[in-house]
Each structure stands twice: as structure tokens, then as C-alpha cells.
Amino acid sequence: MQNNKEDHLSIESKHAVSSYFGAMTFDHKAMRARLPKEVFQSLQETIKAGREITEEIAGVVAHGMKEWAMDNGATHYTHWFQPMTGSTAEKHDAFLSIDRDGTAIERFSGEQLIQGEPDASSFPSGGMRTTFEARGYTAWDPSSPAFLMKGGSGLTLCIPTVFISYNGEALDAKTPLLRSMNAVSKSAVRLLEVLGVTGVKRVKTFAGIEQEYFLVDKKYSAERPDLVMCGRTLLGALPPKGQQLEDHYFGAIPDRVLEFMQEVEHELYLLGIPAKTRHNEVAPHQFEIAPVFEEANISVDHNLLVMEVMRKVADKKGFALLMMEKPFAGINGSGKHNNWSIGTDTGINLLDPGDTPEENIQFLVFLVAVLKGVYKRADVLRMAIASIGNDHRLGANEAPPAVVTAFLGELLERVLDAIESGKIDLKTEKQVLNLGLSQVPVVNKDYTDRNRTSPFAFTGNKFEFRAVGSSQAASVPNMVLNTLMAEALDDMADAMLAKISAGKDRDTAILETLREEITATKNIRYQGDNYSDALQQAAVERGLPNLKNTPQALRTLESKDVQAMFIKYGVLSHEEIDSRLNIRLERYVKGVDIEARTLQLMLKTLVIPDVSEYQGDISSSYNNLASAAAEIGLADKALKSQAKHLKTLAENLSLLIDLTEELDGVAEKMETLDGEFAKADYCADVLLPFMVKVREVADRLELMVDRSRWQLPTYSEMLFEH
């Protein structure tokens, strides 16, 4: 173990990251070295323009990709895709082929690169595929580079793909994301032309996805059926110290964890994933890794790889990686902060305010378009991040509530208010903070403070969508952001063009439209504390949706207006929307059912036997003491404290046994209900609250039982032992 550590650290210390960054990726450098110059240039131009790859080019690329992969030690390839399970999938095929004369040879054709065929009936499809309709296709996504993934004792060439059915329906999360990127590009180019900006052929959306997670010693997680089966604790009393002192955030990283982080980063750098930041998060044993910005589809792919690499390295280092949004009750949950921006193929960030935002009309138009989209489709954004885990997390400390609001900061608020009132005379020179210390340089002051309670906050030149759950794939949230943005951009372009057609000059049409939308979107702008009761009241007054659980949020997909938006922009068809609704409802119901059954198992096989055994020992001890007291004439008063403890223990154990039996019936009743929404509502309104009620009693008993008699690892052990 020590030698492995030294070898790993020698890699870190002797070589600059830039010398091996992307070494396991078929990136520009590898392509340029392996492909003929004209093929390389043609491929890059085709990818940049978003055109279909020809079979001729694909054949040459496949040969170069195979040779590169084999030279690095790969023997197999796989089409790596994102089915609607929330994770990734892959089927490995060998390069090895046998000729008719029995000669062994490695082959990989353009056809094999472009298309694969997994069993579509084996993945959730929400009714679009049945058991006897098994054919599905994976299709190469050339915009995301192929890579080599370590596994076992070898390497596999992973080719990012989309996943579609025999009839062309999207069976994955990536296809709608790519469609939404095309949609927002088309709408943004159109609006830029209205603004008088020419020469832009494509507009891209970018994402930087911060990933929060917990690490728990594997010896503890293996003894917790709830962590093994559900990814979160269903029982567990809070330790005396949690995060009250806020001493974990940005604190010194423990050596064992730092070693894990260093190896994760090394593996990510090899895969061309630009991990940038690592630090302790607020909760004990909670941490974060953050990348730099990339195009949204690549960023989503890379985030999925980050999670996969972390799982493998954690297992190797003796940790269990917890990605569930709320693995510990009463302790901060984990999110996946989705930083999102939009920019042109000419290198302009359309959300960059520049030095004088009040004079940057292009920035203001796109800023207000974001507000318009978020205001109009706040319920769709909430739907995008709905899950069992996020239902437990949203509204807790360090997690934004189920109400979607937007935060701009004081300066931009003043700019928008000035435009709305017609008094655009404010100045916004860059400010500095002079600390009055000669040895400390002057610090530039940002245009706005950060509001970490806001679910959708402007942070300088991008928006941070903080409500995304840590275990979720970021494909759906980014797909929704792109689609609502496309709709908002088109609405603003239509309004401007209508005014121009009515005889107004372009500048007047732009300013009037901007002013109208600033007024119309004012209700979504909230500068205060989103954790406070004031936000809940403001949501009522402003008419903002407050969808507190997953079933409520998923009903958004039944809206004809919402369906029309996705269909209009070619992101999802009616059948694809229905399938996603069915899948997410089914996964929610099955997930809660698994949690309920796991809780029953823990209560019946661990908690109740442990408490019963302890109660028996205490009863025996009490009876012995009572007999001795009678013999020596000890007063009854001396026994009262022991009797009181025994009585409380017995009452709580009796209550827990009764509740456990009742839980059986509550869980079974769900199976008698008709319809997935009826079951989902029952889970949210009845089953989950009843599980909390049972937990409260079990957690009280944990604090009464001798630690040596309690089999389950405790919160104190899991959160504070490194």
C-alpha cells in the first residue's frame, strides 16, 4: 500500500499535469497524429457545424481510433450511453475477429463506430418499447471525444453515443440535450441578428458542474443495509457534534481523503477532464470537486465520468462514496451546482456584463431572456431536479427550497430598475476593497455579493442552478435550461420584430421590449434569504410555484403548454414526454418501496433484537438489585431511577414493535392502489412520513442502548472517524 502511494505521488510531483492531460482521450492531439490531415480537418469542420459524419470519414476515423486504443493496451470497445436510469450503460465488444481461414485479426469499422445495437427492451422506456420489441441503436456522438477507461486489469475504448429505439424515439438522456443545444443555438442566432449582430453561425451553451459527495469508511457502510440498498441512512441518532461549529468547511483535508482526491484528479486528468477545485464542504466528511467550463454535452459526460472514477477510487481506498442527496438526516445534503452560460462561436460570452453592464444592451437582452424563461418555466425547472433524495434535501441548510427564484445582486437590480423607469444615468465603475494593509494587495470587488440560498443565482458571467441533486445526471436540467431559453429568446425576438414592423426603429423596439420584460419578470427576482419563511410567503404573493415533492413536480409534464414547448423545439416528442413521466414515476415509487422494505428489514433483524436483548439484561440486573435491596433493607427510593429507565426503554420498544407491524400494512397498501400517480402521492403523503415516525422512536432507543449491543454503525463513527 505504501509503495502504491509513493508511486502515485511521484506521478504528481515529477510531471506537470499538462504533460499527460488527456492522454487517455482521443482528442485533437491524438486525432491529428492518427488521421490524415484532410480527414482530421473535415471531421473538425463537420463537428463544428453540427453536420452528419459521412461513412467514408467514419471508416478512416475508426481505423485511427482503433490503432490508438490498441497501442495504449485496449482490447475491447463499447458504445457508452446514458439510458433513462440516471447513470450510464455499456456493452463491451472485442476488436478481435476471426477470418474464414481461422486467422485472428483486430477489426473496427466505420459502421461499428457509428452504430451499435443494445437490447432496448432491457432499459426503462416508459412504454415506448415492450419485451418483444427489443431492437435499439446507439449512435456515435462525435462532439464528445472517445476515451479509454480502466477496469479490471485492462482498458476499454469508450465511444460516447446516443441511444434511440428502432422507430427513432430517444431512449436516453443525451439525445434531448443535444436537440436542446441545437434549438437554443438557432433561437439565439436569430435574436442576435435582430440586435444587429452578424457573423455568428452557432451559439453554444456551457456548463461547469460542481459535485458534492460524502466519504464513509467501507467497513461501516457495509454494515448498514440502508446505505447499501438505498444510499442514505433510514435510521441514526444525531451525534453531539454535527456541523454546529462550521469548522469543517474549507478546513484542512485529512491525509487519507487527500490521497483519494489526488488519485481521482490524476485519473480525471488522463481522461481530459479539467478538475479544478477540491475542498471540504460544510458537513463532516463531505467534500466537493469542481471543474472548469466546457460545452454542456461534454460537461455532462465528464460529470458522469467524475462520479464513476470517484466510485472506483473510493472503493480502492477503503471508502464508500455516498452520492445520495441527503445521506444523513439533520446534516447538510449534497448538490450538483450546475453553472450555466451561453456564448457565440466567435468567443463572446453573452452573459458577460463587461465593465459597464448598463451600456451593454446585448448582455441585458440575454440576461432578461434568462429571467423570462425561468419565470415562465419555474415549474419545469423544479421538475428537472425532482427525486426522492432531493425531496429530503431541498429547503435544508445549504440547499435552496422547492421555490425557484433568481438572484441578480444589488448592482444589476439597480440597472434593471433604472431601465424600467427610463432613468439610465447610473455609473458602475469597478470597485475595489482597500484592506489598509501594506503587505496585502488591493482586492477587486465583484459587481454583486453571492447568495448561496438562491436556487438560480447570477454569479458574474453565468447562472448557478444550485438545486440539482448530487446523484442526478445533469442532462435533464441542462436540457430544460436550453429549451426554456430558446423559447424566451424567440418570444423576445418576435416582440422586437413586431414593433419594427409597426414602424419603430430597431433601437426603440429593443429598448421597449427589454423594458416590458423587466417589468413582467420582476416577481422571479428575489434578493433575500431563500431559506426563510419570508420566501414562502413571497411565493404565495408572487404566484410562484412551490412544488414540495416529486409527484407534484412531475405533474408539470402533463401540462399541454409544457408539452407544446418541448415539441415545438424538437427536444421531445409527445411519446418521449409520456415515457419520461412514466419512468420517473415508476422509479420514484419503486425507490420509496425499496426504502420501506429496507427499514422493515433493519427494524426486525437488527434494532428490535438489539433493544430486546439489552432490555432483558437490564431487567435481570434490576431484579437482582431489587432482591438484594430487600435482603439488606435498602429503601425503594434507590430503585426508582433504574425502574424509570427500564420503563422508558420498555415503552419505546413496545411502541417500536407496534409501529413496525403497522409499517408492514402501510407499505403493503400502496400495492393496492391504481395508477402510478396514486402510488406516488401515497408514498409522499403517507408512507415516507410514517417511516419518519418510526425512525424517531428507533433513534431514541439508539441513545438508550449500550453501544456494545447496538449493531449498526452510528453517525458519530461514520462522520468523524477518518
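Residues numbered from 1 in each chain as written. Predicted model: local features only at pLDDT ≥ 70, side-chain atom pairs only at ≥ 80, totals over all residues. Heavy atoms only, no water.

(A) A look at the overall build of the protein. Within the protein one finds 24 helices and 20 strands. In summary, the protein has a C-alpha radius of gyration of 29 Å against a globular reference of 27 Å for 722 residues, a match within 12%. Relative to its full complement of 722 residues, the protein shows a buried share of 53%. Of the contacts formed within the protein by residues at least 6 apart in sequence, a portion of 75% connects residues at least 24 apart. Accessible area of the protein: about 31400 Å², with a carbon and sulfur share of 51%. Between the centroid of the 78 positive side chains of the protein and the centroid of its 103 negative side chains there is a distance of 2 Å. (Helix = DSSP H or I, 4+ residues; strand = E, 2+ residues; numbered from the N terminus. Rg over C-alpha atoms; globule rule 2.2 N^0.38 Å. Buried < 20%, exposed > 50% of the residue type's maximum accessible area, 1.4 Å probe, protein only. Contact = heavy atoms within 4.5 Å. Areas by Shrake-Rupley, 256 points an atom, 1.4 Å probe, with all protein chains shown as cover. Lys, Arg positive; Asp, Glu negative; His and termini not counted. Charge placed at Lys NZ, Arg CZ, Asp CG, Glu CD.)

(B) Highlighting the nonpolar core. Counting residues in hydrophobic clusters, the biggest one holds 184 residues, and the most contacted among them are Val61, Leu157, Tyr213, Phe260, Phe366, Phe566 and Leu687. Look past the residues within four positions of Phe260 in its chain and what remains in contact with it is Tyr213, Leu215, Met310, Val313, Ala314, Lys317 and Phe319. Membership of the second largest hydrophobic core comes to 11 residues, among which are Leu227, Phe328, Tyr715 and Met718. (Core = buried A, V, L, I, M, F, W, Y, C linked by side-chain atoms within 4.5 Å.)

(C) Looking closely at a nonpolar patch on the surface. Where nonpolar side chains cluster on the molecular surface, the patch consists of Val228, Met229 and Ile594 and spans about 300 Å² of accessible area. Secondary-structure assignment places Ile594 in helix H21 (residues 574-632). (Patch = residues over 30% accessible without salt bridge, like charges linked within 9 Å, V, L, I, M, F, W, Y side chains within 5 Å. Salt bridge = Lys/Arg side-chain N within 4 Å of Asp/Glu carboxyl O.)

(D) Examining the pairing of strand E8 (residues 154-165) more closely. Across the 12 residues of E8, 10 count as buried, placing the element largely inside the fold. Relative to E8, strand E1 (residues 74-80) runs parallel, the two sharing 6 bridges. In the sheet register, Thr78 faces E8, and the bridge partner there is Cys158. Both strand E7 (residues 147-151) and E8 contribute to a ladder of 5 bridges, which runs antiparallel. From the neighbouring strand, Met149 faces E8, where its bridge partner is Thr156. Hairpin connection from E7 to E8: 2 residues lie between these consecutive antiparallel strands, with Gly152 at a positive phi of about 60°. (Pairing = 2+ DSSP bridges.)

(E) Region of interest: the sheet that holds strand E14 (residues 319-322). Strand order in the open sheet formed by 4 strands is E11-E12-E10-E14, with antiparallel pairing between adjacent strands. The outermost strands of the open sheet, each flanked by one partner alone, are strand E11 (275-280) and E14. Each neighbouring strand pair of the sheet contributes to a mean axis angle of 30°, computed without reference to strand direction. Where strand E10 (residues 211-217) and E14 come together, 4 bridges link them in antiparallel fashion. Pairing of Asp217 across the sheet is with Phe319, part of E14. Strands in contact with helix H10 (residues 255-270) are E10, E11, strand E12 (286-291) and E14; relative to E11, the strand with the most contacts, it is inclined by about 165°. Running over the sheet, helix H11 (residues 296-316) touches E10, E12 and E14 and is turned about 155° from E14. (Axes fitted to C-alpha atoms, helices over the stretch in contact; angles between N-to-C directions.)

(F) Representation of the packing of aromatic side chains within the structure. Applying the stated rule across the entire model yields 19 aromatic pairs. Relative to Tyr269, the ring of Phe21 has its centre 6.3 Å away and its plane inclined at 50°; by these criteria the two rings are tilted. Within this pair, whereas Phe21 is found in the loop between helix H2 (17-20) and helix H3 (28-34), its partner Tyr269 is found in helix H10, the two being separated by 248 residues in sequence. Overall, Phe21 belongs to the partly exposed group, its relative accessible area being 35%. Given a relative accessible area of 12%, Tyr269 falls into the buried group. Ring centres 5.8 Å apart and planes at 65° place the aromatic pair Phe456 and Phe465 in the edge-to-face group. The class for Phe456 is buried, based on a relative accessible area of 1%. Connected via pairs of aromatic rings, a cluster forms that spans Phe363, Phe456, Phe458, Phe463 and Phe465. (Phe/Tyr/Trp six-rings, centres within 6.5 Å; stacked < 30°, edge-to-face > 60°.)

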